[in-house]
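Fold and contact review
Each chain, written out:
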Amino acid sequence: MKQVDASLLQKMLIGGAERLEAQKEYINELNVFPVPDGDTGTNMTMTAMAAAKEVASAELSIKEITRGLSSGSLRGARGNSGVILSQLFRGFYKGVKEEETLSTKAVAAGFKYAADTAYRAVMKPKEGTILTVARAAADAAVNAARQEEDFQEFAKIVLEEAEKVLERTPEMLPVLKEAGVVDSGGQGLVEFLRGAVEVMSGKNIQMDGMKKASQKAASAQRKDGREEEIRFGYCTEFIVMLEETWSDEKEQDFKSYLSGIGDCVVVVGDEDIVKVHVHTNHPGKAIEKGLTYGELTSMKIDNMREEHQERLHLTRETSGTKEMAGKKEARKPYGFIAVSIGDGLNQIFRDLGVDCLIEGGQTMNPSTEDLLEAVDQVSADTIFILPNNKNIILAANQAKSLVEDKQIIIIPTKTVPQGISAFIGFEPEQDVETNVENMTEMMENVRTGEVTYAVRNTSVGGKEIKVNDIMGIDDDGIKEVGQDIKKVALDLLDDMTDEDSELISVYYGQDVTKEDAEQMAEKIEEKYPDCDVQLEYGGQPVYYFLMSVE
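Remember, predicted model here, so these are calculated numbers, not experimental data. Here the residue numbering is sequential within each chain, running from 1 through the sequence in written order. Only residues with pLDDT of 70 or above have their local features reported here, since the model is predicted, and side-chain atom pairs are shown and tallied only from 80 upward, although totals for entire chains, interfaces and linings are computed over all residues. Think of the side-chain values as coming from all heavy atoms in the structure, minus any hydrogens and water.

1. Some words on helix α5 (residues 79-96)
Numbering of helices and strands starts at the N terminus; helices are DSSP runs of H or I of at least 4 residues and strands are runs of E of at least 2. Expected span of a helix: the number of residues minus one, times 1.5 Å. In a regular helix each residue adds 1.5 Å, so 18 residues correspond to 26 Å; α5 covers 26 Å between its end C-alpha atoms and thus fits that length. In terms of burial, α5 is largely enclosed, as 15 of its 18 residues are buried. Exposure categories follow from relative accessible area, calculated using a 1.4 Å probe and restricted to protein chains: below 20% of the type maximum is buried, above 50% is exposed, and the middle band is partly exposed.

2. Some details on empty space enclosed by the protein
We place a 1 Å grid over just the protein atoms. Points where a 1.4 Å probe fits but has no way out form a cavity, open points with protein on both sides within 12 Å along at least 5 of 7 lines form a pocket, and any residue with an atom within 4 Å of a point lines it. Grid points are joined across faces, edges and corners, and a volume is the space filled by probe spheres set on the points. Inspection of every chain in the model, using the stated rule, returns three cavities of 30 Å³ or more. Computed from the structure, the largest cavity encloses a volume of approximately 470 Å³. If you go around the largest cavity, you meet 27 residues; those closest to its centre are Phe92, Val107, Phe111, Phe192 and Leu193. Element by element, the count of residues in the lining of the largest cavity is highest for helix α10 (residues 184-200), at six residues. Charged residues are taken to be Asp, Glu, Lys and Arg, nonpolar residues to be Ala, Val, Leu, Ile, Met, Phe, Trp, Tyr, Cys and Pro, and polar residues to be all remaining types, Gly included. By residue class, the composition of the lining of the largest cavity is 27 nonpolar, no polar and no charged.

3. A short note on the pattern of salt bridges
Definition used for salt bridges: Asp or Glu carboxyl oxygen within 4 Å of a side-chain nitrogen of Lys or Arg. As enumerated under the stated definition, the model contains 23 salt bridges in all. Across the pair Glu191 and Arg194 runs a salt bridge, and its minimum N-O distance is 3.1 Å. Linking Glu191 with Arg194, this pair stays in helix α10, spanning three residues, or about one helical turn. Note on accessibility: Glu191 and Arg194 belong to one class, buried. Ionic pairing is found between Lys486 and Asp516, a salt bridge with its closest N-O pair at 3.7 Å. Residue Lys486 is found in helix α20 (residues 485-496), and its partner Asp516 is found in helix α21 (residues 514-527); the two are separated by 30 residues along the sequence. When its relative accessible area of 17% is taken as the criterion, Lys486 is described as buried. By relative accessible area, Asp516 is classed as partly exposed at 31%. Salt bridges here are not isolated pairs; linked through shared partners, they connect Arg19, Glu163, Glu191, Arg194, Glu198 and Lys203.

4. Considering the pairing of strand β15 (residues 477-482)
Bridge count for strand β14 (residues 470-474) against β15 is five bridges, and the pairing is antiparallel. Paired with Asp474 across the strands is Gly477, a residue of β15. With antiparallel pairing between neighbouring strands as the criterion, β14 and β15 make up a hairpin whose turn holds two residues. What makes two strands pair is DSSP finding at least two bridges between them.

5. As for a positive patch on the surface
Residues enter patches when their relative accessible area tops 30% and they take part in no salt bridge; the joining distance is 9 Å for like charges and 5 Å for the nonpolar side chains Val, Leu, Ile, Met, Phe, Trp and Tyr. In this description, accessible areas are obtained by the Shrake-Rupley approach with a 1.4 Å probe, and a residue is regarded as covered only by the protein chains that are shown. The charge count includes Lys and Arg as positive and Asp and Glu as negative, but it does not include His or the ends of the chains. Every charge is mapped onto a representative atom, which is NZ of Lys, CZ of Arg, CG of Asp or CD of Glu. A cluster of basic residues, Lys124, Lys126, Lys390 and Lys414, forms a positive patch at the surface. With respect to the helices and strands, Lys126 occurs in the loop between α6 (104-121) and α7 (130-145).

6. Regarding a negative patch on the surface
A cluster of acidic residues, Glu515, Glu518, Glu522, Glu525 and Glu526, forms a negative patch at the surface. Under the relative-accessibility criterion, Glu526 is labelled exposed at 65%.

7. Looking at the environment of Gly79
Relative to the assigned elements, Gly79 resides in helix α5. For Gly79, a relative accessible area of 0% corresponds to the buried category. Considering only alpha carbons, one finds Gly79 and Thr368, 289 residues apart in sequence, at a separation of 9.1 Å. Contact between two residues is taken to exist if any of their heavy atoms lie within 4.5 Å; hydrogens are not considered. Here Gly79 is in contact with Asn43, Asn365 and Asn391, once residues within four sequence places are set aside.

8. Brief notes about the packing of helix α18 (residues 416-424) against helix α19 (residues 432-444)
Two quantities define a packed helix pair, namely the angle between the helix axes and the distance between the axes. The convention used is that axes are lines fitted to C-alpha atoms, helices contributing only their stretch in contact, and that angles between N-to-C directions extend from 0 to 180 degrees. One can describe the packing of α18 onto α19 by two numbers: an axis separation of 7 Å at closest approach and a directional angle of 145°. Two packed elements cross with a definite hand, and for α18 against α19 that hand is right-handed. When α18 is examined against α19, the residues Gln418, Ser421, Ala422, Phe423 and Ile424 are found in contact with a partner set consisting of Met439, Met442 and Met443. Across the contact of α18 with α19, the residue classes tally to six nonpolar, two polar and no charged. By convention the crossing between two helices is left-handed if the near helix lies anticlockwise of the far one by an angle smaller than a right angle, and right-handed if it lies clockwise.

9. With respect to the nonpolar core
Put simply, buried Ala, Val, Leu, Ile, Met, Phe, Trp, Tyr and Cys residues joined by side-chain atoms within 4.5 Å make one nonpolar core. The biggest cluster of nonpolar side chains holds 121 residues, and the ones touching the most others in it are Leu102, Phe111, Ile337 and Ile385. Of all the elements, α7 adds the most residues to this core, at nine residues. Ranked by size, the runner-up nonpolar core spans 24 residues in total, among them Ile470, Val488, Leu493 and Tyr544.

10. Notes on the sheet that holds β15
Taking strand neighbours across the sheet as the criterion, the six strands line up as β15-β14-β11-β18-β16-β17 in an open arrangement whose pairing is mixed. Edge positions in the sheet fall to β15 and β17 (532-537), since each has one partner strand and no second. Taken over all neighbouring pairs, the strand axes of this sheet differ in orientation by 20° on average, direction set aside. In the sheet, strand β16 (residues 503-508) pairs with strand β18 (residues 545-549) via five bridges, with the strands oriented antiparallel. Across the sheet, Val506 pairs through a bridge with Met547, a residue of β18. Along the sheet, helix α15 (residues 343-352) makes contact with β16, β17 and β18, crossing β17 at roughly 110°. The sheet contacts of α21 involve β16, β17 and β18, and relative to β17 the element is tilted by about 170°.

11. Let's talk about the pairing of strand β8 (residues 356-359)
Here four bridges tie strand β7 (residues 332-340) to β8, and the two strands are oriented parallel to one another. When the bridges of β8 are listed, Ile337 appears paired with Cys356. Orient the strands so they point away from the viewer, and a crossover whose first-strand-to-second-strand path over the helix runs clockwise is right-handed. As for the winding sense of the linkage, the β-α-β connection from β7 through α15 to β8 is right-handed.

12. Quick notes on helix α17 (residues 393-401)
Of the positions making up α17, those classed as buried are Ile393, Leu394, Ala395, Ala396, Gln398 and Ala399. Against α4 (62-76), α5, α6, α16 (368-377), β9 (380-386) and β10 (407-410) lie the buried residues of α17.

13. A closer look at the packing of aromatic side chains
We call Phe, Tyr and Trp rings a pair once their centres come within 6.5 Å, taking the six-membered ring for Trp, and we label the pair stacked below 30 degrees between planes, edge-to-face above 60, and tilted otherwise. A full pass over the atoms with the stated rule returns 13 aromatic pairs. Aromatic side chains Tyr334 and Phe384 sit 5.9 Å apart centroid to centroid with 50° between the ring planes, which places their arrangement in the tilted category. Placement of Tyr334 in strand β7 and of Phe384 in strand β9 is noted, with a sequence separation of 50 residues between them. Their ring planes at 15° and their centres at 5.4 Å tell us that Phe336 and Phe384 sit as a pair that is stacked. Here Phe336, found in strand β7, pairs with Phe384, found in strand β9; they are 48 residues apart in sequence, far enough to count as distant.

Quick look at the structure:
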């Protein structure tokens, strides 16, 4: 076969997205940090599936199919890995859009455009990542296309080179080598390419199902102005108090069962308990399966479709009350958007005066589309966006590039405490440049710590980490590992404080009682008598404590 027409390309791209979706949990587990919110596979999958829906409904031409690939992924991009994937798709579109059919040389040109575009999108490209794998695939494609016209042989050469370079990523990034994993983003790209090649080689895909999903999404968007992305409606969490010995085989069996009825599966077990998290349409089935291993406790079921309607919180003060601003206000000079998670942290941002809150952050990175919708809702000439997570900054910048009628300023806050401090640094009487300088300076004065638990065994930064160990993480990485939440938190504060520290802020999560949090604050006050200590309810999931030092 020497040509790929529009119909085959459409199927190949959808096949790539479906392969990525099938492997997303495996990719999630490759994240170096063993935190419960490792989400590279989820972010790349949601980005690719947003693209696939556009591809499925596109007219059968190379230009329209690749345009759908680009536009769908640009707006649906989540997290750094998703944004980079969307930039690869965007570059591929630019490289092949004028072709009527694709030859190996045309695909090679598209791959080269893709890698170049993705590299330009990252301020400080790092080798040993998805970028390296993309560049290797592009170089292999260019070289192979000079001599090979047959697509089967061409694809074999390109995919094998991408796989070889992926296997070498631990040699390029010491942190990967120590953890014993390849780069998760690179693995995601290889899975997408592998899925596309499988379709080219004869594997059938369910085009009708994807087209129906695309039509349903378009209908939902016409109906309420936003694309429906929730496939499984109930976030289900519980703890199993084991009655029998837990084993790797039982854990894998439980994960496989849950994967069959949902996604976003996390099963973390030790000798006594198993923590379970799954998104499913049948929470009862998950609970019944859990009961086969022991008694259940700490059960929690949330309707995510209901919550989805409330993810964008646009509020304004009116006669001492807050109300949802469904109608546009008069245009004002400045507006503010912040990404946050946890009802306590959300309320802090509202009290400060943030116009629009996007619930997201650690456990679900908002998409470029979420950010664009928030921008549309805020009626202001200049809008400051506080991403409050390093994995959202690229998506925020991508949203900025798509806005034409408002000035968008991204303050690159990497944590919620940085975002709170940056907002406090805003002065309405100052101009934009002065405020950017002030807010950035305030942000840079904040050191942030997080306390959570490990979801797998690994080695990071010279520390051996076991499942369910408590980890203290600061701006530089994992600093403390132990068994006691409060001890790890206090040890982490030791790493974060110095003789110039003046303020310690502690935000306790949804799994910490007020009594325990107050005891923690008392110990901090005793240990750091020269610092002001502020205790606030954050309500954040996954992280027992968020702490900041200024």
